[in-house]
Amino acid sequence: MIEIKKLTKQADNKLILRGIDLSIKKGETVAILGPNGAGKSTLLKVLATLIKPSSGHVTINGYDLRKNQMKIKKMMGYLPHSSLLYDHYSPLENLVFFGNVYGIKNVEQKSIDLVREVGLSFFLHEPVKNFSRGMIQRIAIARAIIHEPPLLLLDEPHTGLDQGAINILNNVILSMKEKGTTTLMVTHDFKQATELCDRIIIIKNGKIVDDFRLEEKKLNLVSEKYQLQVEGVS
Ligand SMILES: Nc1ncnc2c1ncn2[C@@H]1O[C@H](COP(=O)(O)OP(=O)(O)OP(=O)(O)O)[C@@H](O)[C@H]1O
Ligand SMILES: [Mg+2]
């Protein structure tokens, strides 16, 4: 699904990504862990075609990232730190707008269903600018999945969510996994990473320092490996 070879990203004379080699298969759910400033969000932005790599080669579903940006954008749902929603629009208006961008059918009904799924039916027509952070994140999740993308790129998706919304998000991720969706999730939350993902990647200083499968859902294993790689503690 994703093939990354010798990817680098430089900005302001600083090397943010220093040679990433990574191969992710269709249907994998992968967590990306690493300290602040490691380059995790930058990697996701490159994959979402928001910023250009400085060197290296990336293909998504066989499409070259540099040449097929529109095709790749349609294939993915990207949930960044910022919500990408229009403040003065309601959830319904936002979802209908983004649904139309992707050319999906029955967009109004689908939007209403999604707002219900994220538990905000009561606020269907309220402008998003009046929403709390967690409510915005719920609608942002709905926006990211409205076109049922085969690839999900999630940047700290659990941040700001209450327990109910965490359950909604996790159900979305797991039910999309059942449909064969590939998910790449940046997170600082080891518990969510362990519960949801079948593979863990640790990034430090723009490089992958560990990459392992989670055969058993052991939180200890993840935090031990993280401490070893990131903090140098064994
Ligand atoms: N446009 C830019 N210009 C210059 N430096 C940048 C730019 N974008 C990011 N950086 C730098 O690149 C480094 C990696 O940033 P990035 O946002 O990818 O980190 P991160 O791993 O997502 O961190 P966090 O866990 O805090 O979200 C940081 O040092 C940041 O200051
Ligand atoms: Mg980040």
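What comes next is a walk through the structure. The shown structure was predicted, so the numbers you read here are calculated from the model rather than taken from an experiment.

1. With respect to the site of ligand 1
Here is step 1: Around ligand 1 there are 15 residues in total, and Lys14, Gly37, Lys40, Ser41 and Thr42 lie nearest to it.
Here is step 2: Thr42 has a polar side-chain atom sitting 2.5 Å from an oxygen atom of ligand 1.
Here is step 3: In isolation ligand 1 exposes 640 Å². Once the protein is present, 64% of that is buried.
Here is step 4: Only β2 (14–24) and α1 (40–47) provide two or more residues apiece to the shell around ligand 1.
Here is step 5: In terms of residues, the shell around ligand 1 owes the most to one element, α1, which gives three residues.
Here is step 6: The class makeup of the residues in the shell around ligand 1 is four nonpolar, seven polar and four charged.

2. A short note on the pattern of salt bridges
It is possible for side chains bearing opposite charge to pair when their charged atoms get close.
Here is step 1: Evaluated as defined, the whole model comprises ten salt bridges.
Here is step 2: Note that Asp64 and Lys67 form a salt bridge whose closest N and O atoms lie 3.8 Å from each other.
Here is step 3: Among the salt bridges present, the one from Asp162 reaches Arg138, with a minimum N-O distance of 3.1 Å. Note that Asp162 is positioned in the loop between β7 (151–155) and α6 (163–178) and Arg138 in helix α5 (residues 133–145), a separation of 24 residues in sequence.
Here is step 4: When its relative accessible area of 44% is taken as the criterion, Asp162 is described as partly exposed.
Here is step 5: We classify Arg138 as buried; its relative accessible area is 13%.

Rules and cut-offs
Residues numbered from 1 in each chain as written. Chains lettered and ligands numbered in written order. Predicted model: local features only at pLDDT ≥ 70, side-chain atom pairs only at ≥ 80, totals over all residues. Heavy atoms only, no water. Near = heavy atom within 4 Å. Polar contact = N/O pair within 3.5 Å; in protein donor to acceptor, adjacent residues only side chain to side chain. Areas by Shrake-Rupley, 256 points an atom, 1.4 Å probe, with all protein chains shown as cover. Helix = DSSP H or I, 4+ residues; strand = E, 2+ residues; numbered from the N terminus. Nonpolar A, V, L, I, M, F, W, Y, C, P; charged D, E, K, R; others polar. Salt bridge = Lys/Arg side-chain N within 4 Å of Asp/Glu carboxyl O. Buried < 20%, exposed > 50% of the residue type's maximum accessible area, 1.4 Å probe, protein only.

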